[in-house]
Amino acid sequence: MIKVNKEDMEFEKGMTVEDVLKKKKYTFRMITVIVNGQVVPKDKYATYTIKDNDNIDVVHIMSGG
């Protein structure tokens with residue numbers, strides 16, 4: 001089991017950050033993904049492997065003033 005934005009999600013062996021984003025249907029272009037307190041660079045989403053019990057925060061970045 002992993003947590004995504006404080007909600008339980010089933011862990012699947014070999015899943016990546018990109019897989020999590022697809023399963024949760026996050027389509028925002030400007031997001032930041034934080035796994036266990038560490039920011040994951042966007043160019044690593046397809047290769048960054050999630051581990052069981054990871055805590056993932058997906059933050060939608062908004063601009064404006």
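Here the structure is a predicted model, which means the values were calculated and not measured. (Residues numbered from 1 in each chain as written. Predicted model: local features only at pLDDT ≥ 70, side-chain atom pairs only at ≥ 80, totals over all residues. Heavy atoms only, no water.)

Within the chain, the regular secondary structure consists of one helix and five strands. Relative to the globule expectation of 11 Å for 65 residues, the C-alpha radius of gyration of the chain, 11 Å, shows essentially globular dimensions. In terms of overall dimensions, the chain has C-alpha extents of about 40 × 25 × 20 Å along its principal axes. Residues counted as buried form 26% of the 65 residues belonging to the chain. Counted over contacts in the chain with a minimum sequence separation of 6, partners at least 24 positions apart contribute 54%. In the structure as shown, the chain presents an accessible area of about 4700 Å², 52% of it carried by carbon and sulfur atoms. Here the chain contributes 11 positively and 10 negatively charged side chains, and the mean placements of these two sets differ by 5 Å. (Helix = DSSP H or I, 4+ residues; strand = E, 2+ residues; numbered from the N terminus. Rg over C-alpha atoms; globule rule 2.2 N^0.38 Å. Buried < 20%, exposed > 50% of the residue type's maximum accessible area, 1.4 Å probe, protein only. Contact = heavy atoms within 4.5 Å. Areas by Shrake-Rupley, 256 points an atom, 1.4 Å probe, with all protein chains shown as cover. Lys, Arg positive; Asp, Glu negative; His and termini not counted. Charge placed at Lys NZ, Arg CZ, Asp CG, Glu CD.)

Moving on: the nonpolar core. Core analysis: the biggest nonpolar cluster contains 15 residues, and Ile2, Val17, Val20, Val33, Ile50 and Ile56 have the highest contact counts within it. At the level of elements, strand E1 (2–4), helix H1 (17–23), strand E3 (31–35) and strand E5 (55–60) are the ones that each hand at least two residues to this core. Ignoring any residue separated from it by four or fewer positions in sequence, one finds valine 20 in contact with Ile2, Val4, Met9, Met15, Ile50 and Ile56. (Core = buried A, V, L, I, M, F, W, Y, C linked by side-chain atoms within 4.5 Å.)

Sheet topology places E1 next to E5; two bridges connect them, and they run parallel. Along E5, the bridge assignment pairs lysine 3 with asparagine 55. Two strands pair when backbone bridges link them, and E3 and E5 are joined in this way by five bridges, in the antiparallel orientation. Within the sheet, the bridge partner assigned to valine 35 lies in E5 and is isoleucine 56. (Pairing = 2+ DSSP bridges.)

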